[in-house]
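This is what each chain is made of:
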Amino acid sequence: MSKPYNYVYKVRGLLMLPPCLFTVFVFYRETECDAVIWPVGLALFFLGVALRVWAQIHLHYRLKTRKTLTTTGPYSMVRNPIYIANTTMLLGLTVLSELIWFLPIMAVWCLVVYHFVIRREEIHLMAKYGAPYREFLESIPRCVPRLKNYRPNTTSLRRFFVPSIVAELHCLLWLIPFVIKEYVSND
């Protein structure tokens, strides 16, 4: 497996830190319109969190259970709902930072980092699952959902709903610096 893919995969969380720190500590050209910024920013952020929870219900990544090739729920429409969710959350946080001009930069940053991460995962999963994963690659788009493919899994929903919410609660910690920034900038 290619070294750049492995390296980026290993530090993917840390790679999201620089643009987030930038949005927390920079006040240059903020868009001061709290009546729009906070509802839009929070809506995007919580949409991303909800997508992470929905993906977790089917993937069970942070849950102590046997892992299998996941092809239900959001994975029946798109191969990488977690990275779409992360990007949505980061765009929401960027809106909350009031640095609207930084949105395209954050989007490009996410696209570049997650491109390497996704390629590494595809290579790994191909080796792990073989032909079933190849079929999955050929039938499900990488990042643009195909809604007509939707396949629910009500067993996963009932069994993993609450554990998935608990597993994703850490995402709410990302809001703290942005609330502090808003409080500090209003003083």
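Residues numbered from 1 in each chain as written. Predicted model: local features only at pLDDT ≥ 70, side-chain atom pairs only at ≥ 80, totals over all residues. Heavy atoms only, no water.

Caption draft 1: Inspection of the packing of aromatic side chains at higher detail. Counted according to the given criterion, the structure contains nine aromatic pairs. Where Phe 45 meets Phe 46, the ring centres are 5.3 Å apart and the plane angle is 80 degrees; that geometry is what we call edge-to-face. Ring centres of Tyr 83 and Tyr 114 lie 4.7 Å apart, and the angle between their planes is 35 degrees; this geometry places the pair in the tilted category. Of the two residues, Tyr 83 is situated in helix H5 (residues 81-96) and Tyr 114 in helix H6 (residues 103-129); the sequence distance between them amounts to 31 residues. Judged by its relative accessible area of 7%, Tyr 114 falls in the buried class. (Phe/Tyr/Trp six-rings, centres within 6.5 Å; stacked < 30°, edge-to-face > 60°. Helix = DSSP H or I, 4+ residues; strand = E, 2+ residues; numbered from the N terminus. Buried < 20%, exposed > 50% of the residue type's maximum accessible area, 1.4 Å probe, protein only.)

Caption draft 2: Molecular detail of the environment of Leu 47. Tracing the backbone shows Leu 47 in helix H4 (residues 34-59). Between the alpha carbons of Leu 47 and Leu 63 there is a distance of 21 Å; along the sequence they are 16 residues apart.

Caption draft 3: Summary view of the pattern of salt bridges. Enumeration over the complete set of coordinates arrives at five salt bridges. Residues Glu 122 and Arg 119 are paired through a salt bridge, measuring 2.9 Å at the closest nitrogen-oxygen approach. Placement of the pair is Glu 122 and Arg 119 together in helix H6, with a separation of three residues, close to one helical turn. A salt bridge links Glu 122 to Arg 142, with the shortest nitrogen-to-oxygen separation between them at 2.7 Å. With Glu 122 in helix H6 and Arg 142 in the loop between helix H7 (131-139) and helix H8 (154-168), this residue pair connects regions lying 20 residues apart in the sequence. The class of Glu 122 is buried, set by a relative accessible area of 6%. Each of Arg 79, Arg 119, Glu 122 and Arg 142 takes part in one network of salt bridges that share partners. (Salt bridge = Lys/Arg side-chain N within 4 Å of Asp/Glu carboxyl O.)

Nothing here speaks to function; it is all geometry.
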